[in-house]
Amino acid sequence: MKKHLITLCVAAALLSSCDSTEPPNNEVAEQEDIGIIFADDFSSGDFSFTQGNAKWGSKVRVSVVEKDGNPAANFTYIGSHDLSEDAFAELRFDLGTVYSELWLSYDLFIPSNYHHRDATSSDNNKMLRLWHTKYGNAEKVGVSAWQNGKGMSVAIADWAKPGQGVGPKGEKIEDFINASDLGKWMRIKVYAQAATANKKGTLKLWKNNKLLMNNEGLLDNYAANEKHGYRFGYLLGWSNSGFNEDTHLWIDNVVFSKKESID
């Protein structure tokens, strides 16, 4: 895997291979100009990196391991042939501040043995969740993957109308993980804009720079008693489908920003 130079090498403190000739103070200023909140390529070898008040939180079955010559976050889902068995691997984050608009991008590696099975109960697998204060916030949003009947995954956004739990809404994306993605890295980008009293929110998702999910102005989840934005969340998470075999998904080159980052 060729390592992304996070946002034109402006995160120079993270990337020892960055060839920028600008002095460190200019790099920091440029990083602030393009709105970087938190950017990590796991060069620290763990999850100890912080940026301002932003940091990684709790984790389950995630470790930093070398992948294709570079450190990356390895999410391990324990396999079982019991179709009622779930699997779990998750990495939480805290951005330190509630943001009404948020961009997130990262590399996601899909292993060659990836198989999204049709479980005996629900088969939705968490890919992303965002909330502002508590996990139970009514304005929590996210993306989940669902099986397509052929062992691959479709995707759909998750949000809640007032008084309802978070669930799938919006258009189902058929081409999220397909057979051509096996054994390869893909670039994921997400844009989330919180709803206000006068305007519905937005959740968009790109795969390899192609816009797949466009819930523009559709999130009708405004809750008057809540903060309106995103601070906390997690990457990947609970797999309701489970997996037949131990399955490793990898994430690298994570960038949270207030503006659209340049990949």
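All of the points below concern the structure found in this document. (Residues numbered from 1 in each chain as written. Predicted model: local features only at pLDDT ≥ 70, side-chain atom pairs only at ≥ 80, totals over all residues. Heavy atoms only, no water.)

**Quick word on the side chain of Asn 124**
Applicable threshold: Runs of H or I in DSSP of at least four residues are treated as helices and runs of E of at least two as strands, each being numbered from the N terminus. The buried label goes to any residue with under 20% of its type's maximum accessible area, the exposed label to any with over 50%, and the partly exposed label to all in between, with areas taken from a 1.4 Å probe on protein chains only. Counting of polar contacts relies on pairs of N or O atoms within 3.5 Å, with two restrictions inside protein: one atom must be capable of donating a hydrogen and the other of accepting it, and residues adjacent in sequence are counted only when both atoms are side-chain atoms. We call two residues in contact whenever any of their non-hydrogen atoms come within 4.5 Å of each other.
Following the sequence through the fold, Asn 124 ends up in the loop between β7 (101–110) and β8 (125–131). In this structure Asn 124 comes out as buried when scored by relative accessible area, which is 11%. For Asn 124, the side chain forms a polar contact with the side chain of Ser 122, separated by 2.4 Å. Ignoring any residue separated from it by four or fewer positions in sequence, one finds Asn 124 in contact with Ser 144, Ala 145, Trp 146, Trp 238, Ser 239, Asn 240 and Ser 241.

**Here we look at unusual backbone geometry**
In this structure, Asp 68 is a non-glycine residue whose phi angle is positive, near 55°. Of note in this structure, Asn 209 is not a glycine but carries a positive phi near 65°. Mapped onto the elements of the fold, Asn 209 is located in the loop between β13 (201–207) and β14 (210–219). The exposure class assigned to Asn 209 is exposed, which follows from its relative accessible area of 57%.

**Quick notes on the environment of Ser 241**
With respect to the helices, strands and loops of the structure, Ser 241 is situated in the loop between β15 (230–239) and β16 (247–257). Exposure remark for Ser 241: the relative accessible area of 0% places this residue in the buried category. Taking the C-alpha atoms as reference points, Ser 241 and Asn 124, separated by 117 residues in sequence, lie 6.3 Å from one another. Not counting chain neighbours up to four residues away, the residues in contact with Ser 241 comprise Glu 85, His 116, Arg 117, Ala 119, Ser 122, Asp 123, Asn 124 and Asn 125.

**Describing the side chain of His 116**
Tracing the backbone through its elements, the reader meets His 116 in the loop between β7 and β8. We classify His 116 as buried; its relative accessible area is 1%. Side-chain polar atoms of His 116 contact the backbone oxygen of Asp 123, separated by 2.7 Å. Within the local environment of His 116, its side chain forms a polar contact with the backbone nitrogen of Gln 147, the two atoms lying 3.3 Å apart. The residues contacting His 116, other than those within four sequence positions of it, are Asp 123, Asn 125, Ala 145, Trp 146, Gln 147, Gly 151, Met 152, Ser 153 and Ser 241.

**Some details on the pattern of salt bridges**
Quick reminder of the rule: Basic side-chain nitrogens of Lys or Arg form a salt bridge, by our definition, when they fall within 4 Å of a carboxyl oxygen of Asp or Glu.
Going through the model one piece at a time under the given rule, you end up with seven salt bridges. Residues Asp 181 and Lys 207 are paired through a salt bridge, measuring 2.7 Å at the closest nitrogen-oxygen approach. Linking Asp 181 in the loop between β11 (167–177) and β12 (184–193) with Lys 207 in strand β13, this pair joins segments that are 26 residues apart in sequence. As far as burial versus exposure is concerned, Asp 181 and Lys 207 are alike and both buried. The partner of Glu 260 in a salt bridge is Lys 189, with the nearest N and O atoms 2.7 Å apart. Residue Glu 260 is found in the segment after β16, and its partner Lys 189 is found in strand β12; the two are separated by 71 residues along the sequence. What makes Glu 260 partly exposed here is its relative accessible area of 42%. You can call Lys 189 buried: its relative accessible area is 8%.

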